[in-house]
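Notes for the structure review
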Amino acid sequence: MADAKVIPFDEDRPRRRVPGVRRVRAVPAPAPAPDAEEQAAEADREAAADGADGGRAAGAGRPAWDRRIAGGLAFLRRRITGEYEVDEFGYDKELTDQVLMSLLRPLFDKYFRVEVKGIENIPAEGGALIVANHSGTLPLDGLMMQVAVHDHHPAQRHLRLLAADLVFMLPVVNELARKAGHTLACSEDAQRLLEAGELVGVMPEGFKGIGKPFGDRYKLQRFGRGGFVSTALRAGTPIVPCSIVGAEEIYPMVGNAKTLARLLGIPYFPLTPTFPWLGPLGAVPLPTKWTIQFGEPIATDGYPPEAAEDPMLMFNLTDEVREQIQHTLYKLLVQRRSVFF
């Protein structure tokens, strides 16, 4: 299979090798003339874009089945021949749009029935840093936030999530995360993406948030040292707080087998009412009702360049973001009727 072409963000800046992440080498190749399959695929994408709700609604705008099949065959041919593009972080936009999003969408729409609020607070263009709470034992909240931004934003923007080192050490997960646009949670990568006009998502609670006991649900953990604020200040991009309700209850973590976690080299080994007692069936998340709300952006472009080195300013902005997320969580919890409805 031929290698895909790589689109670098900045040719003048040296690349930083990320442990566990394979770089895709660029192979110069002339652009092939569009054939019938590619034309059908392009028509399919245009027709889908014209349809309501991100091209997913039935009725007007839906292409014929023969065009869908032709588009699928053209997609497979491009994957086999390597006639697709990835950026230097490994992000594969075509695969994400046509495959990964399609796999996550039923979980988003039908299983968790996610309600999205405040999507207008995400800018239509340019960089922005979306900061969210983290929970749920497994990081499904980040994936659902990615679908929310893509499917509900008028510009169908893509969210580039910052992931922990562990994600890039796991086989299969490493490849999927990289192709979905995720990158290592470090300030250098985040700043480069923001300066390139990308939406970047970060969950500062990390493993302390996602692996907290069920009794501490919706209580935000420490937001680190404010590194995400420093990155946003350097890039001059707004910070958009995001509050997620519903993820805490998908795997109620009532215990933590710490000894087993140390043996496996993972931050925690969750014990829930169903896992590991029911085996693989216990890994099925509960069908809770989710709400994802994006808050009003906090501007950073009015600060001088040296503001990123001011520890007091970083502390105050970090605390402001954290308090806004926590306040919104409490408000959403009061408003919701039930965990499942």
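Just so it is clear, the model here is predicted, and its values are computed rather than measured. (Residues numbered from 1 in each chain as written. Predicted model: local features only at pLDDT ≥ 70, side-chain atom pairs only at ≥ 80, totals over all residues. Heavy atoms only, no water.)

It is worth spelling out the sheet that holds strand E3 (residues 115–117) at this point. Read from one edge to the other, the open sheet built from seven strands follows the order E3-E11-E8-E4-E7-E5-E6, with strand pairing classed as mixed. Each end of this open sheet is capped by a strand with a single partner; those strands are E3 and strand E6 (183–184). Bridge count between strand E4 (residues 128–132) and strand E7 (residues 199–202): four bridges; the pairing is parallel. Each residue of the ladder has a partner; that of Val131, found in E7, is Val202. Strand contacts of helix H5 (residues 140–152): E3, E4, strand E5 (159–163), E7, strand E8 (239–245) and strand E11 (291–294), with the helix running at about 165° to E5, the strand carrying the most contacts. (Pairing = 2+ DSSP bridges. Helix = DSSP H or I, 4+ residues; strand = E, 2+ residues; numbered from the N terminus. Contact = heavy atoms within 4.5 Å. Axes fitted to C-alpha atoms, helices over the stretch in contact; angles between N-to-C directions.)

Membership of the largest hydrophobic core comes to 30 residues, with the highest contact counts inside it found for Ile130, Met145, Ile244, Trp290 and Phe294. Counting residues per element, this core draws most heavily on H5, at six residues. Apart from residues no more than four positions distant in its own chain, Trp290 is found in contact with Phe112, Arg113, Val114, Glu115, Leu140, Asp141, Met144, Ile244, Val245, Gly246, Ala247 and Ile250. Within the second largest apolar cluster, 29 residues are counted, among which are Phe89, Ala232, Ile239 and Met314. (Core = buried A, V, L, I, M, F, W, Y, C linked by side-chain atoms within 4.5 Å. Buried < 20%, exposed > 50% of the residue type's maximum accessible area, 1.4 Å probe, protein only.)

Here the focus is the environment of Pro238. By secondary structure assignment, the location of Pro238 is in the loop between helix H9 (227–235) and E8. Pro238 has contacts with Gly127, Ala128, Leu129, Pro297, Ile298, Ala299 and Thr300, leaving out every residue within four places of it along the chain.

All right, on to the side chain of Asp189 then. Assignment of secondary structure puts Asp189 in helix H7 (residues 187–195). In terms of polar contacts, Asp189 uses its side chain to reach the side chain of Thr183, at 2.9 Å. (Polar contact = N/O pair within 3.5 Å; in protein donor to acceptor, adjacent residues only side chain to side chain.)

Right, let's talk about the pairing of E5 for a bit. Counting buried positions over the five residues of E5 gives five, a clear majority of the element. Covered by surrounding structure in E5 are Leu159, Leu161 and Ala163 together with Arg160 and Leu162, the residues of both alternating faces. Of the pairings in the sheet, the one linking E5 to E7 comprises three bridges and is parallel in character. The residue bridging Leu161 from the neighbouring strand is Gly201, located in E7. Bridge count between E5 and E6: two bridges; the pairing is parallel. Following the sheet pairing, Leu162 is matched in E6 by Thr183. Taking the sense of rotation as the criterion, the β-α-β connection linking E5, helix H6 (residues 173–179) and E6 turns out right-handed. (Right-handed = clockwise from strand over helix to strand, strands pointing away.)

Scanning all chains against the criterion turns up 15 salt bridges. Between Glu175 and Arg178 there is a salt bridge, and its shortest N-O distance comes to 2.5 Å. In this pair, Glu175 and Arg178 both sit in helix H6, three residues apart, roughly one turn of the helix. (Salt bridge = Lys/Arg side-chain N within 4 Å of Asp/Glu carboxyl O.)

So, about unusual backbone geometry. The peptide bond linking Phe275 to Pro276 adopts the cis configuration, its omega dihedral lying at 5°. Positioned with a positive phi, Gln156 is a non-glycine residue whose angle comes to about 50°. Considering the arrangement of structural elements, one finds Gln156 in the loop between H5 and E5. Take Gln156: its relative accessible area is 29%, and that puts it in the partly exposed class.

Attention shifts here to the confidence of the model for the protein chain. The pLDDT averaged across the protein chain works out to 84; a share of 82% of its residues lies at or above 70. Segment residues 9–37: pLDDT under 50, and 57 contacts once partners within four positions in sequence are set aside and those in other chains are kept. Low pLDDT, under 50, characterises residues 46–61; the predicted model gives this stretch 14 contacts beyond four residues in sequence or across chains. (pLDDT = per-residue confidence, 0-100.)

Time to look at a nonpolar patch on the surface. Judged by side-chain polarity, Ile69, Leu73, Leu76 and Ile80 come together as a nonpolar surface patch covering roughly 400 Å² of accessible area. Turning to its location among the elements, Leu73 is positioned in helix H3 (residues 65–81). (Patch = residues over 30% accessible without salt bridge, like charges linked within 9 Å, V, L, I, M, F, W, Y side chains within 5 Å. Areas by Shrake-Rupley, 256 points an atom, 1.4 Å probe, with all protein chains shown as cover.)

The next thing to look at is the environment of Val86. Summarising the element assignment, Val86 is placed in strand E2 (residues 85–87). Taking relative accessible area as the criterion, Val86 reaches 3% and is therefore assigned buried. Between the C-alpha atom of Val86 and that of Gly181, which follows or precedes it by 95 residues, the distance is 9.5 Å.

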